[in-house]
Amino acid sequence: MSYIEIPAYAKINLSLDVIRRREDGYHELRMIMQTVSLHDTVCLESAGEAGIRLECDTDAVPCDRTNTAWRAAELMFGQYNLAGGLRIRIIKRIPAAAGLAGGSTDAAAVLKGINELYALGLDTGELKRLGLQIGADVPYCIEGGTRLAEGIGEILTPLPDLSGIDVVIVKPHIKVSTPWVYSQLDLSQVTEHDRPDTEKLTEALANRDLKAASLNMKNVLELVTMRRYEIISYAKSRMAQAGAEACLMSGSGPSVFGLFAGPEKAQEAYAKLSAHREWECFIARTV
Ligand code: ATP
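Residues numbered from 1 in each chain as written. Predicted model: local features only at pLDDT ≥ 70, side-chain atom pairs only at ≥ 80, totals over all residues. Heavy atoms only, no water.

*Asks:* Describe in detail the overall build of the protein, supporting the description with residues and values.
*Replies:* Within the protein one finds 10 helices and 10 strands. For 287 residues, the compact-globule estimate of 2.2 N^0.38 gives 19 Å, and the protein sits close to it at 19 Å. Here the C-alpha coordinates of the protein stretch approximately 55 × 45 × 35 Å along the principal axes. A total of 287 residues make up the protein; the buried ones form 53% of that total. The long-range fraction of contacts in the protein, counting pairs at least 24 apart against all pairs at least 6 apart in sequence, stands at 73%. In the form shown here, the protein has an accessible surface area of approximately 12800 Å², with 49% of it arising from carbon and sulfur atoms. Computed over 31 positive and 37 negative side-chain charges, the separation of the two mean positions in the protein equals 3 Å. (Helix = DSSP H or I, 4+ residues; strand = E, 2+ residues; numbered from the N terminus. Rg over C-alpha atoms; globule rule 2.2 N^0.38 Å. Buried < 20%, exposed > 50% of the residue type's maximum accessible area, 1.4 Å probe, protein only. Contact = heavy atoms within 4.5 Å. Areas by Shrake-Rupley, 256 points an atom, 1.4 Å probe, with all protein chains shown as cover. Lys, Arg positive; Asp, Glu negative; His and termini not counted. Charge placed at Lys NZ, Arg CZ, Asp CG, Glu CD.)

*Asks:* Account for the nonpolar core, with residues named and values stated.
*Replies:* Counting residues in hydrophobic clusters, the biggest one holds 70 residues, and the most contacted among them are Leu-44, Ile-88, Ile-114 and Leu-273. Residue assignment places this core across two domains, with domain 1 (3–158) and domain 2 (166–285) each supplying three or more. Setting aside residues no more than four positions away along its own chain, Leu-273 makes contact with Val-168, Val-170, Arg-238, Met-239, Ala-242, Trp-279 and Cys-281. Membership of the second largest hydrophobic core comes to 27 residues, among which are Ile-32, Ile-94, Met-217 and Ala-284. (Core = buried A, V, L, I, M, F, W, Y, C linked by side-chain atoms within 4.5 Å. Domains from an automatic or database assignment.)

*Asks:* Break down the state of the cysteines for me, citing the residues and quoting the values.
*Replies:* Applying the stated criterion to the full structure yields zero disulfides. Sulfur of Cys-63: no disulfide; nearest cysteine sulfur belongs to Cys-56 and is 5.2 Å away. Here Cys-247 is not cross-linked by a disulfide; its sulfur's nearest cysteine counterpart is in Cys-281, at 13 Å. (Disulfide = S-S within 2.5 Å.)

*Asks:* Describe in detail the pattern of salt bridges, supporting the description with residues and values.
*Replies:* This structure, assessed with the given rule, holds 17 salt bridges. Lys-92 is the partner of Asp-40 in a salt bridge, and the nearest nitrogen-oxygen pair spans 2.6 Å. Of the two residues, Asp-40 is situated in strand β2 (residues 27–47) and Lys-92 in the loop between β4 (85–91) and α2 (102–117); the sequence distance between them amounts to 52 residues. Judged by relative accessible area, which is 0%, Asp-40 ranks as buried. (Salt bridge = Lys/Arg side-chain N within 4 Å of Asp/Glu carboxyl O.)

*Asks:* Now, about the packing of aromatic side chains: what can you tell me, with residues and values included?
*Replies:* Geometrically, a pair of aromatic rings is defined through the distance of the ring centres and the angle of the planes. This model, assessed by the stated rule, comprises three aromatic pairs. Each ring, one from Phe-77 and one from Tyr-118, has its centre 5.7 Å from the other, and the planes form 80 degrees; the classification is edge-to-face. Of the two residues, Phe-77 is situated in helix α1 (residues 68–80) and Tyr-118 in the loop between α2 and α3 (124–132); the sequence distance between them amounts to 41 residues. Assessed through its relative accessible area of 21%, Tyr-118 is described here as partly exposed. (Phe/Tyr/Trp six-rings, centres within 6.5 Å; stacked < 30°, edge-to-face > 60°.)

*Asks:* Help me get a handle on the pairing of β4, residues and values and all.
*Replies:* Across seven bridges, the pairing between β2 and β4 is antiparallel. The residue of β4 that forms the bridge with Cys-43 is Arg-89. With six bridges connecting them, strand β3 (residues 51–56) and β4 associate as parallel partners. Within β4, the position partnered with Glu-55 by the bridge is Arg-89. Each parallel crossover has a hand, and for β3 linked through α1 to β4 it is left-handed. (Pairing = 2+ DSSP bridges. Right-handed = clockwise from strand over helix to strand, strands pointing away.)

*Asks:* Residues and numbers for the sheet that holds strand β9 (residues 256–260), please.
*Replies:* Spatially, the four strands line up as an open sheet ordered β8-β9-β7-β10, and their pairing is antiparallel. A strand with exactly one partner marks an edge of an open sheet, and here the two such strands are β8 (246–249) and β10 (279–285). Direction aside, neighbouring strands of the sheet carry axes that sit 20 degrees apart on average. Bridge analysis of β8 against β9 gives four bridges, and the strand direction is antiparallel. Following the sheet pairing, Cys-247 is matched in β9 by Gly-258. Relative to β9, helix α9 (residues 230–241) is tilted by about 10 degrees, and along the sheet it contacts β7 (166–172), β8, β9 and β10. In the packing of helix α10 (residues 263–274) onto the sheet, the strands contacted are β7, β9 and β10, and the crossing angle to β10 comes to about 170 degrees. (Axes fitted to C-alpha atoms, helices over the stretch in contact; angles between N-to-C directions.)

Listed below in structure tokens is the structure:
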């Protein structure tokens, strides 16, 4: 085999709680993550000549060695002494710097793809250990599905599968820096009301009860990002008005997603929300 195509799925945060700031500067998190069908496609082709080459159909992400996909390939080639080179092509659909793990999922796809392409026989645990060297969300992107993520995001516990829920995502046309959001978070100001009750949320999701889930779908980073960017609160209120059973900002933002009680409702909301010029709009399902 010399060529492979891997879908690289986006994630949404059904909750995000920040427990504490660790001594090493990272934050200890507790969040429920969910894969959605919105995805990039990562194409890998082994090449005779040494070196990595990367192309992407958008200039929204770098095409050099700072690209997470490139970093993942470099890691695998170094670790396993792979001969020759690799051509990477990314068909990008996930908006960048959006809180949807676009970079992490491309890296995860490259790790999985190289494992297949070169028949390395690595198991998921080994791929996740490698992925963590690239970013905290990469191990989750390797596993995917409905997961409780703890630690810096790398300690994963499977939760009852929540696939098949209709989702609409809006990505306002603003750039939000993840390090800036964490630097602005004052944990002494976070009240119990701001935090998700992860156990109650897990139970509501297990029952696929979106109304009950919405009471505990909370993201403490909204405290920082929504205060600074009014457009995010506006997007969230429009999502609710458009009929979402539950809505939340994903990750450090600025994307906001809504969960819908069926494909017609999601389609209707997508049509309404797509008419706005302030954001990009996507329709998807949980997978
Ligand atoms: P997370 O939800 O994990 O915090 P995010 O969705 O907020 O991630 P990314 O899409 O991963 O953010 O992008 C973060 C930065 O990484 C961007 O500034 C982007 O230029 C850079 N980047 C490098 N490689 C990629 C890639 N393959 N896809 C997207 N962004 C990339």
